[in-house]
Amino acid sequence: MKRIALTVLFGMAVVLPPPAFADRMPLPTNTPASYKAECGSCHLAFPPALLSANDWRRTVSGLKDHFGTDAAVDGKNGQEIAAFLERYAGDAGKLGSAGEPPRITQTARFIRKHREISAKTWKDPRIKSAANCEACHRGAAQGNYSEHDISIPELRR
Ligand code: HEC
Ligand code: HEC
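These notes cover the structure that comes with them.

Cut-offs applied
Residues numbered from 1 in each chain as written. Chains lettered and ligands numbered in written order. Predicted model: local features only at pLDDT ≥ 70, side-chain atom pairs only at ≥ 80, totals over all residues. Heavy atoms only, no water. Near = heavy atom within 4 Å. Polar contact = N/O pair within 3.5 Å; in protein donor to acceptor, adjacent residues only side chain to side chain. Nonpolar A, V, L, I, M, F, W, Y, C, P; charged D, E, K, R; others polar. Donors = N, O, S within 2.8 Å, 3.2 Å for Na, K, Ca; no water. Buried < 20%, exposed > 50% of the residue type's maximum accessible area, 1.4 Å probe, protein only. Core = buried A, V, L, I, M, F, W, Y, C linked by side-chain atoms within 4.5 Å. Helix = DSSP H or I, 4+ residues; strand = E, 2+ residues; numbered from the N terminus. Contact = heavy atoms within 4.5 Å. Phe/Tyr/Trp six-rings, centres within 6.5 Å; stacked < 30°, edge-to-face > 60°. Tetrahedral: all angles 85-135°; square planar, octahedral: opposite > 155°, others 65-115°. Axes fitted to C-alpha atoms, helices over the stretch in contact; angles between N-to-C directions. Parallel < 35°, antiparallel > 145°, perpendicular 65-115°, else oblique. Left-handed = near helix turned anticlockwise from the far one by under 90°.

Details of the site of ligand 1
Next, step 1: By nearness alone, 19 residues border ligand 1, and Cys39, Cys42, His43, His66 and Ser129 come closest of all.
Next, step 2: For ligand 1, a nitrogen atom lies 2.8 Å from a polar atom in the side chain of His66.
Next, step 3: A distance of 2.8 Å separates an oxygen atom of ligand 1 from a polar atom in the side chain of Thr105.
Next, step 4: For the shell around ligand 1, the residue count by class is eleven nonpolar, six polar and two charged.

A word on the coordination of the iron atom of ligand 1
Next, step 1: Each protein donor to the iron atom of ligand 1 is listed here as His43 (NE2) and His66 (NE2); together their distances run 2.0 Å.
Next, step 2: Under the relative-accessibility criterion, His66 is labelled buried at 15%.

Description of the nonpolar core
Next, step 1: Residues Tyr35, Leu44, Phe46, Trp56, Ile81, Leu85 and Ile104 are the most contacted members of the largest nonpolar core, which totals 20 residues.
Next, step 2: Breaking this core down by element, the ones donating at least two residues are α2 (33-39) and α4 (75-87).
Next, step 3: No other element matches α4, which puts three residues into this core.
Next, step 4: Membership of the second largest hydrophobic core comes to five residues, among which are Ile127, Ala135, Cys136 and Ile150.

Side note on the side chain of His114
Next, step 1: You can see His114 is positioned in the loop between α6 (108-113) and α7 (119-122).
Next, step 2: Given the relative accessible area of 15%, His114 is considered buried.
Next, step 3: Apart from residues no more than four positions distant in its own chain, His114 is found in contact with Trp122 and His137.

Looking at the packing of aromatic side chains
Next, step 1: Tallied over the entire structure, the rule returns three aromatic pairs.
Next, step 2: Geometrically, the ring pair formed by Tyr35 and Phe84 is tilted, given 5.0 Å between the ring centres and 50 degrees between the ring planes. Here Phe84 lies in helix α4 and Tyr35 lies in helix α2, a separation of 49 residues in the sequence. For the residue pair Tyr35 and Phe84, the accessibility class agrees, reading buried in each case.
Next, step 3: Here Phe84 and Tyr88 contribute two aromatic rings whose centre-to-centre distance is 5.5 Å and whose plane-to-plane angle is 50 degrees, an arrangement assigned as tilted.

Quick look at unusual backbone geometry
Next, step 1: With an omega of -5 degrees, the peptide bond between Glu100 and Pro101 qualifies as cis.
Next, step 2: Although it is not a glycine, Phe67 sits at a positive phi angle of roughly 50 degrees.
Next, step 3: Of note, Phe67 is situated in the loop between α3 (53-61) and α4.
Next, step 4: Within the chain, Lys128 stands out as a residue other than glycine whose phi angle is a positive 70 degrees.
Next, step 5: Mapping Lys128 onto the fold places it in the segment after α7.

As for the coordination of the iron atom of ligand 2
Next, step 1: Around the iron atom of ligand 2, the protein supplies His114 (NE2) and His137 (NE2) as donor atoms, at distances of 1.9 to 2.0 Å.
Next, step 2: One way to put it: the six donor atoms around the iron atom of ligand 2 meet at angles of 88 to 179 degrees, and that makes the site octahedral. Taken together, the residues span a long stretch of sequence, with His114 in the loop between α6 and α7 and His137 in the segment after α7 at a distance of 23 residues. Assigned by exposure class, His114 and His137 land together as buried.

Section: the packing of α3 against α4
Each pair of packed helices can be summarised by the angle the axes make with each other and by the distance between the axes.
Next, step 1: Where α3 contacts α4, the axes come no closer than 8 Å and their chain directions differ by 160 degrees. One way to sum up the angle between α3 and α4 is to call them roughly antiparallel. You can see that α3 and α4 cross each other, and the crossing is right-handed. Here α3 contributes Ala53, Trp56, Arg57 and Val60 to the contact with α4, which in turn contributes Ala82, Leu85 and Glu86.
Next, step 2: Residue classes in the contact of α3 with α4 are distributed as five nonpolar, no polar and two charged.

Written out as structure tokens, the structure reads:
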């Protein structure tokens, strides 16, 4: 009996979808090179699951005026990036509104996951911006957001 119950439990664990916010969020293995090149030069090539498809669409359509910079990507690369982001986008309902212009760092989910960080810390010169993921998550480029890999000593558990 016990063994059967365990097998059932195990089977369930295997089919459960991964949580939208886990500590491992590597880019999908088929991420186009254009995404890393065009969207990873000024900041981290953000994990697509952190914005909804609709918010990625809005981001991509506004790239000419992107947070005070021109990040426009034309032609084939532009279409490839848009299709990739929408395909791997996160669930709008779980993420919550991302504001205007859309920001990962404005979603309810991001705010909840970072609620222990004080306003003072966000303004710390080592960090500067909440969008500067790598300031705290030293493994962000490899998709590692574990609480054990935080580079700011005061924030380590
Ligand atoms: C020329 C530099 C540059 C390029 C290229 C660029 N970005 Fe950005 N991006 C910025 C700046 C500047 C910000 C604002 C950062 C901040 O507030 O700290 C930003 C912010 C963002 C944000 C919001 C981050 C947050 O606060 O949650 C997203 C999403 C984003 N960029 C997506 C993209 C995508 C997708 C591409 C590729 C098509 C791209 N960016 C290319 C400069 C760039
Ligand atoms: C000021 C430092 C800081 C910055 C900047 C920051 N984070 Fe975090 N992040 C943390 C800390 C601290 C935690 C909490 C770890 C914990 O308690 O599990 C966390 C948690 C997370 C988690 C949840 C991990 C889990 O175990 O569920 C994810 C995902 C994440 N951050 C992604 C990001 C992304 C993406 C960015 C940039 C857009 C970012 N973070 C910017 C410090 C930061």
